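Coordinate analysis (summary)
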Amino acid sequence: PFVDRVAYRHNLKEIPLDVPSQVCITRDNTQLQVDGILYFQADDGTNGRELWRSDGTEAGTWMLKDLSSASGGSEPSYLVTLGGFVYFAANDGVAGTELWRTDGTVDGTTRVADIRRGALGSSPQGLAVFGGKLNFTGDDGSTGRELWGLEGSGPLRITNLWGSSSSFPEDM
């Protein structure tokens, strides 16, 4: 079918929206509680896929930080909130994919820890909040993929279910 003419055009770009607190479902099927700010990954054609935030207006939508020195971006994933922070996995192009967090500001967007030293990273997956604590799976390079938790001093492996081999916990 062909369009002869556009009968009506409506641009929502300049209309601010009141965004109430709500639960959002991310692409990797995790829920992200937001208080009027939506966090998401996007590619602006220059920096690759990076973490962005939006209050529902054009002026209030911006990339938090260019985390990756690589051209493909940091590919943030598994976004969850806990204690006023958004936690996520991202690859900075140097330490590999590791656990990060943001308070919604550029300076407040930092790597939590380098669990697996080197360019491979621990590849945190399945970030989930349980019992008021952040839990995820990760690979420290010596015991394989195991269950980890974030304590006050940093990430700690919760258990090693299968000695020197990965137990591959999932579906948290």
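Above this text sits the structure in question.
Residues numbered from 1 in each chain as written. Predicted model: local features only at pLDDT ≥ 70, side-chain atom pairs only at ≥ 80, totals over all residues. Heavy atoms only, no water.

**Considerations on the overall build of the chain**
- For the chain, the count of helices and strands is zero helices and 13 strands.
- Ordered by position from N to C terminus, the α and β elements of the chain give β-β-β-β-β-β-β-β-β-β-β-β-β.
- Considering the chain as a whole, with its 172 residues, one finds that 39% of them fall into the buried category.
- Taking as baseline every contact in the chain between residues at least 6 positions apart, the subset at least 24 positions apart corresponds to 34%.
- Accessible area for the chain stands at about 10200 Å²; split by element, carbon and sulfur atoms hold 52% of it. (Helix = DSSP H or I, 4+ residues; strand = E, 2+ residues; numbered from the N terminus. Buried < 20%, exposed > 50% of the residue type's maximum accessible area, 1.4 Å probe, protein only. Contact = heavy atoms within 4.5 Å. Areas by Shrake-Rupley, 256 points an atom, 1.4 Å probe, with all protein chains shown as cover.)

**So, the pattern of salt bridges**
- A full pass over the atoms with the stated rule returns four salt bridges.
- Notably, a salt bridge pairs aspartate 114 with arginine 117, separated by 3.6 Å at the nearest N-O pair.
- When its relative accessible area of 18% is taken as the criterion, aspartate 114 is described as buried.
- The class of arginine 117 is exposed, set by a relative accessible area of 69%.
- Residues aspartate 139 and arginine 116 are paired through a salt bridge, measuring 3.5 Å at the closest nitrogen-oxygen approach. Highlighted residues: aspartate 139 in strand S11 (residues 133-139) and arginine 116 in the loop between strand S9 (110-113) and strand S10 (125-130), separated in sequence by 23 residues. (Salt bridge = Lys/Arg side-chain N within 4 Å of Asp/Glu carboxyl O.)

**Observations concerning the environment of glycine 56**
- Tracing the backbone through its elements, the reader meets glycine 56 in the loop between strand S4 (49-54) and strand S5 (62-63).
- Put simply, glycine 56 and leucine 38 are 18 residues apart on the chain and 7.9 Å apart in space, counted from C-alpha to C-alpha.

**Some remarks on the sheet that holds strand S6 (residues 77-82)**
- If you walk across this open sheet you meet the four strands as S6-S7-S8-S9, and the pairing is antiparallel. Only two strands of the sheet have a single neighbouring strand rather than two, namely S6 and S9. Within the sheet, the average angular offset between the axes of one strand and its neighbour, ignoring direction, is 35°.
- Pairing analysis gives three bridges linking strand S8 (residues 97-102) to S9, with the strands arranged antiparallel. By the bridge assignment for S9, tryptophan 100 is matched with arginine 111. (Pairing = 2+ DSSP bridges. Axes fitted to C-alpha atoms, helices over the stretch in contact; angles between N-to-C directions.)

**Description of the packing of aromatic side chains**
- Scanning the model with the defined rule gives one aromatic pair in all.
- A cation sits over an aromatic face here: arginine 101 above phenylalanine 85, 3.7 Å from the ring centre. (Phe/Tyr/Trp six-rings, centres within 6.5 Å; stacked < 30°, edge-to-face > 60°. Lys NZ or Arg CZ within 6 Å of the ring centre and 35° of its normal.)

**Some details on the sheet that holds S4**
- Strand order in the open sheet made by the three strands is S3-S4-S5, with antiparallel pairing throughout. Of all the strands in the sheet, the pair left with one neighbour each is strand S3 (38-43) and S5.

**What to know about the side chain of serine 74**
- Mapped onto the elements, serine 74 comes out in the loop between S5 and S6.
- Residue classification places serine 74 among the buried positions, given a relative accessible area of 1%.
- Within the structure, serine 74 has its side chain in polar contact with the side chain of glutamate 50 (distance 2.6 Å). (Polar contact = N/O pair within 3.5 Å; in protein donor to acceptor, adjacent residues only side chain to side chain.)

**Regarding a negative patch on the surface**
- A cluster of like negative charges, contributed by Asp43, Asp44, Asp66 and Glu75, occupies part of the molecular surface.
- Relative to the elements of secondary structure, aspartate 44 occurs in the loop between S3 and S4. (Patch = residues over 30% accessible without salt bridge, like charges linked within 9 Å, V, L, I, M, F, W, Y side chains within 5 Å. Lys, Arg positive; Asp, Glu negative; His and termini not counted. Charge placed at Lys NZ, Arg CZ, Asp CG, Glu CD.)

**Looking at the pairing of S8**
- Inspection of the sheet shows strand S7 (residues 85-91) paired to S8 by six bridges, in the antiparallel sense. Pairing of asparagine 91 across the sheet is with threonine 97, part of S8.
- Between S7 and S8, which pair antiparallel in sequence order, lie five residues; one of them, glycine 93, sits at a positive phi of approximately 85°.

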